[in-house]
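An overview of the molecular structure
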Amino acid sequence: MRYWPTLLMALVLAGLGLYLYVVEFPAKETEERQEAARNKVLLLDQTSITGLTFKTDRSELVFERTPDKGWVLTAPLRTEADQREVQNLIRALVTGSVHRIVEENPAALSPFGLDKPVTTVTITGGGKQETLAIGDAGPLSSTLYALRESDHALLLTDLAPKDFVNKTLMTFRRKDILHATPTEVDRVRLTYPTTEIVLYRAAEKPKAKWKIRYPIEAEADLNEVRMLLFRLEDLKAMAIVDQGSERDTLVKTLTTPKVKLTVHAADGDQTVKLYQPDPSSGEAIAETGPDAPLYKINPTALKDFTKELFNFQDKRLLGVDATDIAVLTVKTRTEQFALINQNDEWVLEDQPTEKLNQEAVNLFVSRVANVPAEIRVLKQASPLAPYGLVSPAPEFIATGRDGKVAGKLSIGDRVSGLAYAMGNRLQGLYQIRADLLDQIPKKDELLAGSSEEKDAKH
C-alpha cells in the first residue's frame, strides 16, 4: 500500500480535470458568448432577417425579403430593391460592435443627436424585432451614437456614417436597367434609325464564338462584343421617373430612339430604347416599356451603343485562325518560303528535314494570323499605287487543311507607325500597326540552330 498517496493524488487531479471540463470551461465559454453578444449592436442573426424599415426625416422605406426576388421595396412604392445596398446595410448592423454603453435609460438625448435621429432602422426576423435610432458622430473616427430600443441603451458604436447618412429612395432602388449578365446573353440586336446589327453566340467547339448575323454573315470581334455586354450590364439609372405627370411630360419629347437594344437570354427578350431629346442638355433617357418608369442615364452610354458595323467585325485581316493554317506562304522583297504544319509541327516546304525553332515559328504565325485592322481607310478597294499595294511586300497566303486558300494579307507603305494593308476577312483598305514588318524572320532564322548560334555569339 505504499503507492496509495500517488493513487490518491491521481484521483484528485482527475477529479479536478473533470470539474474544469464539465463546469468551469463551459461556464467560461458561456460568459464569453454573453460578453460578445453584449458587444454587438444588433442581436439578430443575419439569415433570419426578413423585414427592414429605414426612416429619415424625408422618407420611410419599407423592405421585405421574398424567396424569389430577394429584397423588395414595398413602401412608398412596390419595386425591386438594390440587393447590394440592402445587404450592405444589414451587414453593417450585424457586424457592428459596441465600444461602450454610454448610459442605460438615458434622460437626455439631444447631446447625442438622438432627439431627432438621422436615421431610425427597424429590423424584424425570427419572431423578433429591434429598432436602432442613429444619432451624431462619436468622438472617435467612424463611430456613431445609437439608441437601442430593446434595452433602452445609449451606445457608442463602430457603425460608419457612410452606411446610414444621406441614404435616399434612389439609393435603395434597383438601378440596373437590363436584368441579364454577360454569360446569360446569347443574342443582341442593335436597331438604329436606318439600319441594324444582329450579334449571336454560335455554339462551336471547343468554345462558343460570337458572330454577326445581320447585315452580313461574319465573325465578330470578341473583345468588342464582350465590352458591349459589360456595358449593357453596367447600364444604370442616375434617376428614375415613375408614372405621373413628370413622366407624361417627358415621354412626349421622346420621338426616334438613337438605338433600340434587344437582348435575348434563356428567360426571353429584354428591350431598352435610348433617347437624347435635347443633345444640348446632355440628358439621355432609357425606356424599357410603355408602363415602366423612364430612366435618366449617363449620355456617354449613347456612344457605347451607337457604333458602326466595322466596330463589331473580327478585324484580324488574314481571315483564318492560326490553328487552322496548314500552309503559310511568306513573300518579301528578298525571299519567298512556305511553312507547312505537319502533325502540329512546322517544317519548311523546300527543307522538310531541317529542324525548325517551333516556338519562334508559332509566334510568327500567330502574329500574322492575329494582326488587326486599326483604322479603316476605304470601304472599297480603289487604285492601290498610292498605298504601296500594287506589289505588296510582304504578302502572306494561308492554305487551310482542305487545301484551299483560306486567308491572305498584303501590306504596303508605312505611315507614322502604321502600314496600309488589305486582307481576306474585311473588304476595303485599312491601316495596321507597322510592328509586324519588323517581326518577319528570314527563312534561315527559323532554323533550330540559328537562334542557338545567335545566343552563343551574344
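Residues numbered from 1 in each chain as written. Predicted model: local features only at pLDDT ≥ 70, side-chain atom pairs only at ≥ 80, totals over all residues. Heavy atoms only, no water.

1. Here we look at the overall build of the protein chain
Looking only at helices and strands, the protein chain features nine helices and 26 strands. By residue count, 41% of the 458 residues in the protein chain fall in the buried class. Across the protein chain, the fraction of contacts at a sequence separation of at least 24, relative to all contacts at a separation of at least 6, is 57%. Counting only carbon and sulfur atoms, one obtains 51% of the accessible surface of the protein chain, whose full area is about 25,800 Å². (Helix = DSSP H or I, 4+ residues; strand = E, 2+ residues; numbered from the N terminus. Buried < 20%, exposed > 50% of the residue type's maximum accessible area, 1.4 Å probe, protein only. Contact = heavy atoms within 4.5 Å. Areas by Shrake-Rupley, 256 points an atom, 1.4 Å probe, with all protein chains shown as cover.)

2. Observations concerning the pairing of strand β3 (residues 70-75)
Of the pairings in the sheet, the one linking strand β2 (residues 60-66) to β3 comprises five bridges and is antiparallel in character. Opposite Arg65, over in β3, you have Trp71 as the bridge partner. The turn joining β2 and β3, which pair antiparallel and follow one another in sequence, is formed by three residues. When β3 meets strand β4 (residues 79-80), the two strands line up antiparallel, connected through two bridges. Within β4, the position partnered with Val72 by the bridge is Glu80. (Pairing = 2+ DSSP bridges.)

3. Some thoughts on the confidence of the model for the protein chain
For the protein chain, per-residue confidence averages 90 on the pLDDT scale, and residues scoring 70 or more make up 90% of the total. Within the protein chain, the lowest mean pLDDT, 53, falls on helix α9 (residues 448-457), and the highest, 98, falls on strand β10 (residues 187-191). This model gives residues 30-37 a pLDDT under 50, and the stretch forms one contact once residues within four places in sequence are excluded. Scored below 50 in pLDDT, residues 452-458 shows one contact in the model against residues more than four places distant or in partner chains. (pLDDT = per-residue confidence, 0-100.)

4. Quick notes on the side chain of Thr122
Inspection of the secondary structure assignment puts Thr122 in strand β6 (residues 119-125). Thr122 gets classed as buried once you look at its relative accessible area, which sits at 17%. Side chain to side chain, Thr122 and Thr131 meet in a polar contact 3.1 Å long. (Polar contact = N/O pair within 3.5 Å; in protein donor to acceptor, adjacent residues only side chain to side chain.)

5. A look at the sheet that holds strand β18 (residues 294-297)
Pairing in this open sheet of nine strands is antiparallel, and the strands run β13-β12-β11-β10-β15-β16-β17-β18-β14 from one edge to the other. What marks the edges here is a single partner per strand, and that holds for β13 (218-219) and β14 (239-241). Relative to β13, strand β12 (residues 209-214) runs antiparallel, the two being bridged by two bridges. The residue bridging Ile212 from the neighbouring strand is Ala218, located in β13. Where helix α4 (residues 222-233) meets the sheet, its contacts fall on β10, β11 (196-202), β12 and β15 (259-265), and the angle it forms with β10 comes to roughly 80 degrees. (Axes fitted to C-alpha atoms, helices over the stretch in contact; angles between N-to-C directions.)

6. Here we look at the sheet that holds strand β24 (residues 405-415)
Across the sheet, eight strands lie side by side as β21-β20-β19-β23-β24-β25-β26-β22; this open sheet has antiparallel pairing. In this open sheet, the two edge strands, each paired with only one partner strand, are β21 (345-348) and β22 (375-378). On average, each strand axis in the sheet is inclined to that of its neighbour by 25 degrees, with strand direction left out of account.

7. As for the packing of aromatic side chains
Under the definition given, this model contains six aromatic pairs. Ring-pair connections join several aromatic residues into one group, and the members of that group are Phe54, Phe63 and Phe172. The ring of Tyr200 carries the charged tip of Arg213 above its face, separated from the ring centre by 3.9 Å. One Lys or Arg, Lys315, reaches over the ring of Phe310 and ends 5.4 Å from the middle of that ring. (Phe/Tyr/Trp six-rings, centres within 6.5 Å; stacked < 30°, edge-to-face > 60°. Lys NZ or Arg CZ within 6 Å of the ring centre and 35° of its normal.)

8. Topic: the layout of surface pockets
Counted as a void, the second largest pocket has a volume near 420 Å³. Tallied by class, the residues present in the lining of the second largest pocket amount to three nonpolar, three polar and eight charged. (1 Å grid on protein atoms, 1.4 Å probe; cavity = no way out; pocket = protein on both sides within 12 Å on 5 of 7 lines; lining within 4 Å. Points joined across faces, edges and corners; volume = space filled by probe spheres on them. Nonpolar A, V, L, I, M, F, W, Y, C, P; charged D, E, K, R; others polar.)

9. What about the pattern of salt bridges?
Evaluated as defined, the whole model comprises 27 salt bridges. Between Lys236 and Asp176 there is a salt bridge; the shortest N-O distance is 3.2 Å. With Lys236 in the loop between α4 and β14 and Asp176 in the loop between α3 (169-172) and β10, the pair connects residues that are 60 residues apart, well separated along the chain. Overall, the relative accessible area of 36% leaves Lys236 in the partly exposed class. Asp176 gets classed as partly exposed once you look at its relative accessible area, which sits at 24%. Salt-bridge contacts for Asp314 lead to Arg316; the nearest nitrogen and oxygen are separated by 2.8 Å. Connected via shared salt-bridge partners are Glu80, Arg174, Asp176, Asp234 and Lys236. (Salt bridge = Lys/Arg side-chain N within 4 Å of Asp/Glu carboxyl O.)

10. Re helix α8 (residues 358-370)
Over its 13 residues, α8 runs 18 Å from end to end, which matches the ideal 18 Å to within 8%, given 1.5 Å per residue. Within α8 the residues assigned to the buried category are Val361, Phe364, Val365, Val368 and Ala369. The buried side chains of α8 occupy one side of the element, clustering within an arc of 130 degrees when seen end-on. Residues of α8 that are buried sit in contact with β19 (325-331), β20 (336-342), β21, β23 (395-400) and β24. (Expected span 1.5 Å × (residues − 1). Arc of directions from axis to C-beta.)

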